[in-house]
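Coordinates in review
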Amino acid sequence: EVQLVESGGGLVQAGGSLRLSCAASGFTFDEFVIGWFRQAPGKEREGVSCISNSDSNTSYGDFVKGRFIISSDNAKNTVYLQMNSLQPEDTAVYYCAALGGSWITLDVPDYDYWGQGTQVTVSA
């Protein structure tokens, strides 16, 4: 069974950093695209970043503005999201998701599997 488990969320002050992890199991890791999404209360889920584990191509949401970096450790079946210069508007539940293939997309309906999410809270 495909499983995605997020970790690394927490409470930080504005300007601080967090590194989120997505540990994957139950599928061939390097044949999937892994994405990070976030959802704040009352808002639609939005794409943050994604990475193809076959060719290492990446994509970022425009709101990231160079602050976040996605990376993948295929030996550990884990994708990371390094988040720097965090601001209160980054507060949300962050989810990792997976789709089979190598194409890059940040569209929610394209993803097949989802983790349970990890809370990120940024205080002013």
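Heads up: these notes are all about the structure in this document. The shown structure was predicted, so the numbers you read here are calculated from the model rather than taken from an experiment.

1. Looking at the sheet that holds strand β7 (residues 68–73)
Strand order in the open sheet formed by four strands is β1-β3-β8-β7, with antiparallel pairing between adjacent strands. At either margin of the open sheet sits one strand with a lone partner, and together these are β1 (3–7) and β7. For this sheet the average axis-to-axis angle between neighbouring strands, irrespective of direction, equals 15°. Summarising the sheet, β7 and strand β8 (residues 78–83) pair through six bridges and their orientation is antiparallel. Considered in β8, the bridge of Ile70 is made with Leu81.

2. Examining the packing of aromatic side chains
Using the criterion set out here, one finds six aromatic pairs in the structure. Arranged with centres 6.5 Å apart and planes meeting at 35°, the rings of Phe27 and Phe29 form a pair that is tilted. Residue Phe27 is classed as buried on the basis of its relative accessible area of 14%. The class for Phe29 is buried, based on a relative accessible area of 5%. Here Phe32 and Tyr113 contribute two aromatic rings whose centre-to-centre distance is 6.4 Å and whose plane-to-plane angle is 45°, an arrangement assigned as tilted. Linking Phe32 in strand β4 (residues 32–39) with Tyr113 in strand β10 (residues 113–114), this pair joins segments that are 81 residues apart in sequence.

3. Comments concerning the side chain of Ser49
In this structure, Ser49 sits in strand β5 (residues 46–52). Polar side-chain contacts of Ser49 include one of 2.9 Å to the backbone oxygen of Ser59. In contact with Ser49, not counting residues within four places along its chain, are Ile34, Gly35, Trp36, Ser59, Tyr60, Ile70, Leu81 and Leu106.

4. Describing the environment of Tyr113
What makes Tyr113 partly exposed here is its relative accessible area of 34%. Spatially, the C-alpha atom of Tyr113 lies 10 Å from that of Glu1, the residues being 112 residues apart in sequence. Look past the residues within four positions of Tyr113 in its chain and what remains in contact with it is Val2, Leu4, Phe32, Cys96, Ala97 and Ala98.

5. Some remarks on the state of the cysteines
Enumeration over the complete set of coordinates arrives at one disulfide. Of all cysteine sulfurs, the one in Cys22 lies closest to Cys50, which takes part in no disulfide; the gap is 13 Å. Take Cys50: its relative accessible area is 0%, and that puts it in the buried class.

6. Things to note about the pairing of strand β11 (residues 118–123)
Regular strands show a simple pattern: their side chains alternate between the two faces of the sheet. Burial along β11 is one-sided: Thr118, Val120 and Val122 are buried, while Gln119, Thr121 and Ser123, pointing the other way, are not. Two strands pair when backbone bridges link them, and strand β2 (residues 10–13) and β11 are joined in this way by four bridges, in the parallel orientation. Residue pairing in the sheet places Val12 in a bridge with Val122 of β11. Bridge analysis of strand β9 (residues 92–100) against β11 gives three bridges, and the strand direction is antiparallel. Counted as the bridge partner of Tyr94 is Thr118 from β11.

7. Concerning the nonpolar core
Counting residues in hydrophobic clusters, the biggest one holds 27 residues, and the most contacted among them are Phe27, Trp36, Leu81, Met83 and Tyr94. Mapped onto this core, the elements with two or more residues apiece are β3 (18–25), β4, β5, β7, β8, β9 and β11. Non-local contacts of Leu81, meaning those with residues more than four positions away in its chain, are made with Leu18, Arg19, Leu20, Trp36, Val48, Ser49, Phe68, Ile69, Ile70 and Tyr94. The next biggest cluster of nonpolar side chains, apart from the first, holds six residues, and it includes Val33, Phe37, Cys50 and Leu99.

What counts and how
Residues numbered from 1 in each chain as written. Predicted model: local features only at pLDDT ≥ 70, side-chain atom pairs only at ≥ 80, totals over all residues. Heavy atoms only, no water. Pairing = 2+ DSSP bridges. Helix = DSSP H or I, 4+ residues; strand = E, 2+ residues; numbered from the N terminus. Axes fitted to C-alpha atoms, helices over the stretch in contact; angles between N-to-C directions. Phe/Tyr/Trp six-rings, centres within 6.5 Å; stacked < 30°, edge-to-face > 60°. Buried < 20%, exposed > 50% of the residue type's maximum accessible area, 1.4 Å probe, protein only. Polar contact = N/O pair within 3.5 Å; in protein donor to acceptor, adjacent residues only side chain to side chain. Contact = heavy atoms within 4.5 Å. Disulfide = S-S within 2.5 Å. Core = buried A, V, L, I, M, F, W, Y, C linked by side-chain atoms within 4.5 Å.

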